[in-house]
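The chain contents come next:
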Amino acid sequence: MEFKELLILMALSLLALLWVFPAYTVFMGSLKSLDDVIGSPSFTPPREVDLTTLFKVLNDMREPLVNTLIVTIPVALLATFVGSLTAYAVYRRFDRVSDITIVLIAVSTYIPYQVLLIPFINIIKGIERYLDLTLFDTLPGLALGLATYYTPMASLLMTIFITVIPKDYIESALVDGAGEFKIFRRVVLPLLGPGLVSTFIFILILSWNNFFIPLILTRGYDKHVALKIFSYVGQSGTLYNEMFAAALIGSIPPLVLFILLGRYFIRGLLALGTGGVR
Amino acid sequence: MELRYYISFILLTLIFTLLLYYGILWNLIVSFTNYSPLNPRIEIIGFKGFNDLILDEEFRGSLLRTLVWAAVLVILGNMLGITIASLIFQLESPRIRNLFTTVFMYPVALSMVVVAIAWRWLFDHVKGVNVILNQVGLPEVAWLQGGNAFWSLVLVSVWVYAGFIAMLYLAMFYNIDRTLIESAIVDGANTLQIMTRIVIPNSKQGFIVSTVFLTLFAIQMFDLPYSMLFYNPFTETIVVYIHKKFVAQYFYIASAAAIVVIAISAFLVIPYAMLGIKRWVLRR
């Protein structure tokens, strides 16, 4: 028994090396000086730790980092809240109408969003003309693009998470004469805690990492961190230390969230995958 | 819940969802017209868009590449996912289990651009893993040259998603009735027999879910090829093709190709979404 366990641990650790290696490479490479980069393979540790690249890139990335925070946190909050409203309505209604709603939402969530973005620009241009404001290449426009795609997804997630609440709770509140909004606020929202956190973390990480939506809806590289990281691929040529530093800095927020609150993120992934089996 | 309450609760989600459907409809309409910002007069061109599309060798190549990508990702992703899940399933300590789950899962929490940068350098001819291959006496591999680039990127996508697939299977494994496994142990079955005869066959649903997801991931593949190799003809997927045509303002072609992508995804997704509804309804 002991030997078997040891064998399994060894097999897993060997396999895990393949997963750790790229992260290790990025981390080590971002600590290298210019001389070191020119002469060494990408995955070796630095001859001596040189933090100048990291600080230089961090300074360069300040604006996109702040912009991404400004955009993604409200988007994730909005998507999660609106999603929980939808989930409650679907849960309470429970008939053909709510079934159709959920199928509509699910199908739109799983259709590749890239092909829907071209018409989205048209919508944005339409709103611009109608309301006389600028959305294309602005942070609100980017937020609108992300929210359009992630709100239905958050609704789907919350619809799955809400099923853990016993219907009796809601029914007894109804008997007590509470209205729908009051039940939602007083009974449902407090019980949805873990589901809300899962959805929020999930949408936050996805919108932080999204590349295509900012690529289409903005110009330049400063409105979203994924674009900024991408810009280093072109401009740094063979100087991998800068690319690695940008990749590392841009990955720290989602990675820290994933490691600290990973079980919430995983719950979000599993809910989308297994459709609320557990 | 009364309909007027229902609608006010779902209103915002409904608006966003309808925007997405508007996107589908827009593509459908534009694919039958010669719409373009450069074009003053919009005319209906019928199936010309789809006709041009089928005749375009680049489109056929990118569609084929996407389908092959999906097939290989489904096969390798499931194989590796089942292997990782089966190994983790044997571990007693929840702490070590969590550690390995985090290690195998973390790529899905990264931007594909980051993944592309890391692997671009590991695949580098001079500064990448070829250095290691050389040292242990193995021949060098031209990872990103010509057609090789496609297979290298497919492997990277397997690397990204295998941990996620393993988690889906693990969730299924833990759902299996423990008494089934215990009675098999009493009957003298070994670990391998328990996995291959009881646990894995009882996780068919994991296979369905993984296959749908991996296929969708492959159909949507854009960030990885674009941010590693830009418009490389050997790694051009269907979404990269659409993006390229869109940037070049060939809207009717881009839209016709978008309709093909939507049709393929809908073919997969609609039965899957219906299945989900059935499951929720049964639960209640």
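Our subject is the structure that appears above.
Heads up: these notes are all about the structure in this document. Sequence order sets the numbering: in each chain, residues are counted from 1 along the sequence as written. Whichever chain is written first becomes A and whichever ligand is written first becomes 1, with later ones labelled in order. Local features in this predicted model are restricted to residues whose pLDDT is 70 or higher, and side-chain atom pairs enter the listing and the counts only when it is 80 or higher, whereas totals over whole chains, interfaces and linings include all residues.

Some words on the overall build of chain A
Labels follow the DSSP assignment, with helices taken as runs of H or I lasting at least four residues and strands as runs of E lasting at least two, numbered in each case from the N terminus. Along the backbone of chain A there are 14 helices and 0 strands. Expressed as lengths along the three principal axes of its C-alpha atoms, the size of chain A is roughly 75 × 70 × 30 Å.

A look at the overall build of chain B
Helix and strand counts for chain B come out as 13 helices and 0 strands. In terms of principal-axis extent, the alpha carbons of chain B reach across some 75 × 70 × 30 Å. Backbone-placed C-beta atoms define the burial measure: a residue is buried with 20 or more other C-beta atoms within 10 Å of its own, exposed with 12 or fewer, and partly exposed in between. Each of the 284 residues in chain B was classed as buried or not, and the buried ones make up 46%. Here, residues touch in the contact sense if the C-beta positions derived from the backbone fall within 7 Å of one another. Long-range contacts, defined as pairs at least 24 residues apart, comprise 71% of the intrachain contacts of chain B with a sequence gap of at least 6.

Concerning the nonpolar core
The term nonpolar core refers to a set of buried Ala, Val, Leu, Ile, Met, Phe, Trp, Tyr and Cys residues connected through C-beta atoms within 7 Å. Within the largest apolar cluster, 182 residues are counted, with the highest numbers of intra-cluster contacts made by Tyr150 and Ala247 of chain A together with Val115, Ile117, Ala166, Met167 and Ala257 of chain B. Aside from chain neighbours lying at most four places away, what touches alanine 257 of chain B is Leu53, Phe59, Ile238, Tyr241, Ile242 and Lys245 of chain B.

Focus: the interface of chain B and chain A
The interface of chain B with chain A comprises 76 residues on the first partner and 80 residues on the second. Looking at which element gives the most residues to the side of chain B that touches chain A, the answer is helix H1 (residues 3–30) of chain B, with 16 residues. Side-chain classes follow a simple rule in which Ala, Val, Leu, Ile, Met, Phe, Trp, Tyr, Cys and Pro form the nonpolar group, Asp, Glu, Lys and Arg form the charged group, and the remainder, Gly included, forms the polar group. Of the residues in the side of chain B that touches chain A, the class split is 56 nonpolar, 14 polar and 6 charged.

Some remarks on the packing of helix H1 (residues 2–29) of chain A against helix H5 (residues 112–122) of chain B
The contact between H1 of chain A and H5 of chain B brings their axes to 10 Å, and the two run at 90 degrees. By the angle between their directions, the pair H1 of chain A and H5 of chain B is classed as roughly perpendicular. Of the residues in H5 of chain B, those touching H1 of chain A at Pro22, Thr25 and Val26 of chain A are Ala118, Trp119, Trp121 and Leu122 of chain B. Split by residue class, the contact of H1 of chain A with H5 of chain B holds 6 nonpolar, 1 polar and no charged. Inter-axis angles, ranging from 0 to 180 degrees, are taken between N-to-C directions of lines fitted to C-alpha atoms, where helices are fitted over the stretch in contact. Here the angle decides the label: under 35 degrees means roughly parallel, over 145 means roughly antiparallel, 65 to 115 means roughly perpendicular, and every other value means oblique.

Looking at the packing of helix H4 (residues 62–93) of chain A against helix H12 (residues 225–235) of chain A
Residues and elements named next belong to chain A. Two elements in contact, H4 and H12, have axes whose closest approach is 8 Å; the angle formed by their N-to-C orientations is 155 degrees. By the angle class used here, H4 and H12 are roughly antiparallel. Contacts between H4 and H12 involve Pro64, Leu65 and Thr68 from the first element and Val225, Leu227 and Lys228 from the second. The class makeup of the residues in the contact of H4 with H12 is 4 nonpolar, 1 polar and 1 charged.

Considerations on helix H7 (residues 139–161) of chain A
Under the convention used throughout, the expected extent of a helix is 1.5 Å for every residue step, that is, one less than its residue count. Between its first and last C-alpha atoms H7 of chain A spans 31 Å; for 23 residues at 1.5 Å apiece the expected length is 33 Å, and the two agree. Buried residues dominate H7 of chain A, accounting for 21 of its 23 residues.

What to know about the environment of tyrosine 169 of chain B
Residue and element names in this part refer to chain B. Along the chain, tyrosine 169 turns up in helix H7 (residues 148–175). By the C-beta count within 10 Å, which is 26 here, tyrosine 169 ends up buried. C-alpha of tyrosine 169 to C-alpha of lysine 204: the two residues are 35 residues apart in sequence and 9.2 Å apart in space. Not counting the four nearest positions on each side in its chain, tyrosine 169 is found in contact with Gly81, Ile82, Ala85, Ser203 and Gly206.

Some thoughts on the environment of threonine 53 of chain A
Residue and element names in this part refer to chain A. Checked against the element boundaries, threonine 53 lands in helix H3 (residues 52–60). We classify threonine 53 as buried; it has 23 C-beta atoms within 10 Å. Residues threonine 53 and alanine 245, spaced 192 residues apart in sequence, show a C-alpha to C-alpha distance of 7.0 Å. Those residues in contact with threonine 53 that lie beyond four places of it in its chain are Ser30, Asn241, Glu242 and Ala245.

Scope: geometric values only; no functional claims are made or implied.
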